[in-house]
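A structural walkthrough
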Amino acid sequence: MDSKKTALVTGSSSGIGFGIAKVLLEKGYQVILHGIETQSQIDTEIKDLEKFGSIIGYYQVDMGNAKAIEQFCTELKDSKINVDILVNNAGIQHVSPIQDFSPEKWDQIIAINLSSAFHLTRHLLPHMQKQKWGKIINIASAHGLVASANKSAYVASKHALVGLTKVVALENAKIGITCNAVCPGWVLTPLVESQIQKKSIEQKISIEQATENLLMEKQPSNQFVTPENVGQFVLFLCSSAANQINGAALSIDGGWVAQ
Ligand code: NAD
């Protein structure tokens, strides 16, 4: 591990991204934090992470806005901040049958979950190519490999993210850069908590029952994957031991897609 490496973790103000940032900081990586919230809204999270290591800064950027992403990358470049490790993690969910699915939500999910990874990769890759070292890790999902009803935009965005991962891997395979997709099953974060809450209201059952049902339906381990589990997996992908893992969609899902 090179402790001087700098990682950008999108969506690190919460959930899985927070877990990834924490593990990388603990291991001596410098981390650029990012989220959609204002800095004051996530003051506590930033203070929590500061305990673990060297934070370069927190950036509030809307990953649904290509222009804002470009400006953000220019700002990093102007500040002489080079990104060696890009973790495309920011993402959102919306659950609805396709005939009722709002086209605005569709566009927003595709922009945040998929197109932001394209834009950031496009802008940040030249530095990695120049130094002949880089790691790009796209946080896809079990839904990048299999589908569930009522998640058309999410499933489409995550399947496409797995495809994008393979192309970036192939284009850079000979020059010391890897690009892989991580495909988690259920992780208990605000993104999943809101789905549990919705199920509990719709089905008139307790939160505990809705949580148990959610796990039993998809995840054979009947346990949540933790943000720490995903963080440790990302850490491994950043290590030299993973140099020949490239273009892969790697499950961390308690057995979800083995079924
Ligand atoms: P979360 O809701 O806890 O965090 C989402 C993060 O994305 C936050 O940091 C938020 O600031 C950021 N974000 C949201 N909208 C944004 C926008 N418009 N612009 C920029 N940033 C924005 O969610 P999470 O569960 O930690 O999800 C993180 C990633 O992991 C997502 O890509 C999600 O699809 C994926 N994932 C989650 C699970 C799960 O079970 N939680 C499973 C598989 C994959």
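Description of the structure in this document.

Procedures and definitions
In this numbering scheme, every chain counts its residues from 1 along its sequence in written order. In keeping with the predicted nature of the model, local features appear solely for residues at pLDDT of at least 70, side-chain atom pairs appear and are counted solely at 80 or more, and the whole-chain, interface and lining totals rest on all residues. With hydrogens and water excluded, all non-hydrogen atoms of the structure serve as input to the side-chain values. At least two bridges found by DSSP between two strands are what make those strands a pair. Under the scheme used here, helices are H or I runs from DSSP no shorter than 4 residues and strands are E runs no shorter than 2 residues, and both carry numbers assigned from the N terminus. For helices, the fitted axis covers only the stretch in contact; all axes are lines through C-alpha atoms, and the angles between them, taken along N-to-C directions, range from 0 to 180 degrees. Should any heavy atoms of two residues lie within 4.5 Å, those residues are counted as being in contact. When describing relative orientation, an angle under 35 degrees is termed roughly parallel and one over 145 degrees roughly antiparallel, while 65 to 115 degrees is termed roughly perpendicular and anything else oblique. Definitions for this section: a left-handed crossing has its near helix turned counterclockwise from the far helix by less than a right angle. A right-handed crossing has that turn clockwise.

What follows deals with the sheet that holds strand S2 (residues 30–35). One open sheet accounts for 7 strands, arranged S3-S2-S1-S4-S5-S6-S7; its pairing is parallel. Both edges of this open sheet fall to strand S3 (55–60) and strand S7 (249–252), since each of them pairs with a single strand only. Adjacent strand axes in the sheet meet at a mean angle of 15° when their direction is disregarded. Bridging between strand S6 (residues 177–184) and S7 involves 4 bridges; their strand directions are parallel. What sits directly across from Cys 183, in S7, is Ser 251. Against the sheet, helix H2 (residues 43–50) makes contact with S2 and S3, and its axis sits at roughly 160° relative to S3, the strand it touches most.

In this section: the pairing of S3. Sheet faces and side chains relate simply in a regular strand, where the side chains alternate between the two faces. Where S2 meets S3, 5 bridges bridge the pair, whose relative direction is parallel. By the bridge assignment for S3, His 34 is matched with Tyr 59.

At their nearest, the axes of helix H3 (residues 66–78) and helix H4 (residues 103–131) sit 10 Å apart, and the two run at 30° to each other. Judged by the inter-axis angle, H3 sits roughly parallel to H4. The chirality of how H3 crosses H4 is right-handed. Residue-level contacts link Ala 66, Ile 69, Glu 70, Phe 72 and Cys 73 of H3 to Ser 116, His 119, Leu 120, His 123 and Leu 124 of H4.

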